[in-house]
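Listed below are the residues making up each chain.
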Amino acid sequence: MKQYVIVMLLFILSAGAGFSQTNQTSITEDFKPSTVNQPGQEYPQVNSQGYARFQILAPEAKSVVVSLGLGGAKGGTPLIKAEDGFWRGTTSGAMDEGFHYYHVTIDGGVFNDPGALNFYGSTRWESGIEIPAHDQDFYALKNVPHGNVQQILFPSKSTNTSRRAFVYTPPSYHKDKNKSYPVLYLQHGWGEDETAWSNQGHVNLIMDNLIAEGKIKPFIIVMTYGMTNEIKYGGLASFKIEPFQTVLVEELIPYVDSNFRTLATPANRAMGGLSMGGMETKMITLNKPEVFSHYALLSGGIYKPEDIKDKSKVKLVFLSCGSKENPDGIKNAVSNLKNTGFNAVSYISENTGHEFQTWRRSFKELAPLLFKE
């Protein structure tokens, strides 16, 4: 357990925005506002090469630095003050495609960029920026039938409160009142919450598009808070799964099965998660093999054949990561699982690391594999 948590901590500490090496003098001046800017705001901007450009109004400041990545752990872009009181600057390298967290440090104080929308990450609401991806069509908002993402509040005796979850139901859910659906319980990463998979991951749009293309069997997705943020940064070695396991297995699942039209059997129930959510997924699926039959770890570790005591209960093991993480480890783990009779699949996201583009792509590959006849 302790060794596994240390490995996950190394994953999390590497979660900053990735940069590719590009000559600063070859920047193409086709910058446009990021798609996740505040309404009407021109900055931050991104260009076709993956550079980001920032503009912050702070006329009395002495120093302004943009910190990119989860908690600003990787990379910093110092801005230069102009006579009009604006600080401006461009990243020194092109960023990986997809979504990234960032914040602004002004004279030692940490602030969000007033030009950008905020997303919950790093145990706080952080600014977000979207670098256009060559394959962004699969999570684009299209003119197709759309499912519904709704908030639910479910009673939790173990925590003596009501807890929140978000539930995605496919477009057909409200049309055919006699049809029931399988369910995927999908967990966020460390420092995030139950809004992450919808807001940062666009999981609902990925589902809508895959369903419209006839590539997947429709299913419900449930996303709830994984009780990870109570662990202070650097204190993951003390993490215990039991409190969240109780919430999920004994409180949330019965609530969902009672209030939604679900196929309430292990064969029609899956659990997956990214990073810390993958760690939770592994622990709970191994502790409660009678609850889930489909397992998915997205940048969240691996299963070994000896971890799973009864392979007859497991219909799918899906392992993924970015090519900048540990692709050989994922491929080797899946090879070992296959050799011992498991239905195991690996996926490697090219040119990405521990970041949401990896997890968006991973989910796109995972979804068609779930709940197959």
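Since this is a predicted model, take the numbers as computed values, not measurements.

Chemist: So what exactly am I meant to see when it comes to unusual backbone geometry here?
Modeler: When glycine is set aside, most residues are seen to have a negative phi, and most peptide bonds are trans. Pro44 follows Tyr43 through a cis peptide bond whose omega is 5°. Position of Pro44 relative to the elements: it lies in the loop between strand 2 (32-33) and strand 3 (45-46). For Thr123, which is not glycine, the phi dihedral falls at a positive 60°. Residue placement: Thr123 occurs in the loop between strand 12 (118-121) and strand 13 (124-131). Of the residues examined, Thr123 reaches a relative accessible area of 35% and is grouped as partly exposed.

Chemist: Is there a simple way to think about the sheet that holds strand 15 (residues 161-169) in this case?
Modeler: Taking strand neighbours across the sheet as the criterion, the eight strands line up as 14-15-17-16-18-19-20-21 in an open arrangement whose pairing is mixed. Two strands lie at the open edges of the sheet, namely strand 14 (148-156) and strand 21 (344-349), each paired on one side alone. Strand after strand, the sheet turns through a mean of 20° between neighbouring axes, direction not considered. Of the strand pairs in this sheet, strand 16 (residues 183-187) and strand 17 (residues 220-224) are connected by three bridges, and their pairing is parallel. The residue bridging Tyr185 from the neighbouring strand is Val222, located in strand 17.

Chemist: Looking at this structure, how should I read helix 4 (residues 242-259)?
Modeler: Note on helix geometry: an α-helix contains 3.6 residues per turn, so any two residues three or four positions apart are oriented the same way. Counted at 1.5 Å a residue, the expected span for helix 4 with its 18 residues is 26 Å, and the 25 Å between its end C-alpha atoms agrees. The sharpest bend along helix 4 measures roughly 35° and falls at Leu252, with the proline Pro254 sitting one to four residues further on. By the burial criterion, the buried members of helix 4 are Phe244, Gln245, Val247, Leu248, Val249, Glu251, Leu252, Ile253 and Val256. Contacts made by the buried residues of helix 4 are with strand 14, strand 15, strand 16, strand 17, strand 18 (269-274) and helix 5 (276-287).

Chemist: What should I look at first to understand helix 3 (residues 203-212) in this one?
Modeler: Counting buried residues along helix 3, nine of its ten residues qualify, which places the element largely inside the surrounding structure. Listed in full, the buried residues belonging to helix 3 are Val203, Asn204, Leu205, Ile206, Met207, Asp208, Asn209, Leu210 and Ile211. Positive phi shows up at Gly214, right after helix 3, with a value of about 70°.

Chemist: Sorry if this is basic, but what is going on with the sheet that holds strand 4 (residues 52-57) here?
Modeler: Note on sheets: strands pair through backbone hydrogen bonds, and any given pair is parallel or antiparallel. A sheet is described by the order of its strands in space; here five strands give the open sequence 2-3-4-8-7, paired in antiparallel fashion. Of all the strands in the sheet, the pair left with one neighbour each is strand 2 and strand 7 (80-81).

Chemist: Even after reading the chapter, I still don't get the environment of Met283, so can you show me in this structure?
Modeler: As for its position among the elements, Met283 is in helix 5. Measuring from C-alpha to C-alpha, the distance between Met283 and Gln245 comes to 8.8 Å, with 38 residues separating the pair along the chain.

Chemist: What should I look at first to understand the nonpolar core in this one?
Modeler: Among soluble globular proteins, nonpolar side chains are generally buried collectively. Residues Tyr185, Val222, Leu248, Leu252, Phe292, Val317 and Leu319 are the most contacted members of the largest nonpolar core, which totals 44 residues. If you tally residues by element for this core, the top one is helix 4, at seven residues. Ignoring sequence-local partners within four residues, the contact set of Tyr185 consists of Val222, Leu248, Leu252, Ile253, Val256, Arg269, Ala270, Met271, Gly272 and Phe292.

Chemist: Would you mind showing me how to read the packing of helix 4 against helix 5 here?
Modeler: In a packed pair of helices, the relevant descriptors are the angle between the two axes and the axis-to-axis distance. Axis separation between helix 4 and helix 5 bottoms out at 11 Å; the angle between their running directions is 65°. It follows from the interaxial angle that helix 4 and helix 5 lie roughly perpendicular. Handedness of the helix 4/helix 5 crossing: right-handed. Along its contact with helix 4, which presents Phe244, Gln245, Leu248 and Val249, the element helix 5 presents Glu280, Met283, Ile284 and Asn287. For the contact of helix 4 with helix 5, a count of residues per class yields five nonpolar, two polar and one charged.

Chemist: I'm lost on the pairing of strand 19 (residues 294-298) in this one. Help?
Modeler: Side-chain positions along a regular strand alternate between the two faces of the sheet. Extensive coverage of strand 19 is indicated by the burial of five of its five residues. On the question of chirality, the crossover connecting strand 18 to the parallel strand 19 by way of helix 5 is right-handed. Pairing of strand 19 with strand 20 (residues 316-322), which is carried by five bridges, proceeds in the parallel orientation. Considered in strand 20, the bridge of His294 is made with Leu316.

Parameters and conventions
- Residues numbered from 1 in each chain as written.
- Predicted model: local features only at pLDDT ≥ 70, side-chain atom pairs only at ≥ 80, totals over all residues.
- Heavy atoms only, no water.
- Helix = DSSP H or I, 4+ residues; strand = E, 2+ residues; numbered from the N terminus.
- Buried < 20%, exposed > 50% of the residue type's maximum accessible area, 1.4 Å probe, protein only.
- Pairing = 2+ DSSP bridges.
- Axes fitted to C-alpha atoms, helices over the stretch in contact; angles between N-to-C directions.
- Expected span 1.5 Å × (residues − 1).
- Bend = angle between axes of the 7 residues up to and from the residue.
- Contact = heavy atoms within 4.5 Å.
- Core = buried A, V, L, I, M, F, W, Y, C linked by side-chain atoms within 4.5 Å.
- Parallel < 35°, antiparallel > 145°, perpendicular 65-115°, else oblique.
- Left-handed = near helix turned anticlockwise from the far one by under 90°.
- Nonpolar A, V, L, I, M, F, W, Y, C, P; charged D, E, K, R; others polar.
- Right-handed = clockwise from strand over helix to strand, strands pointing away.

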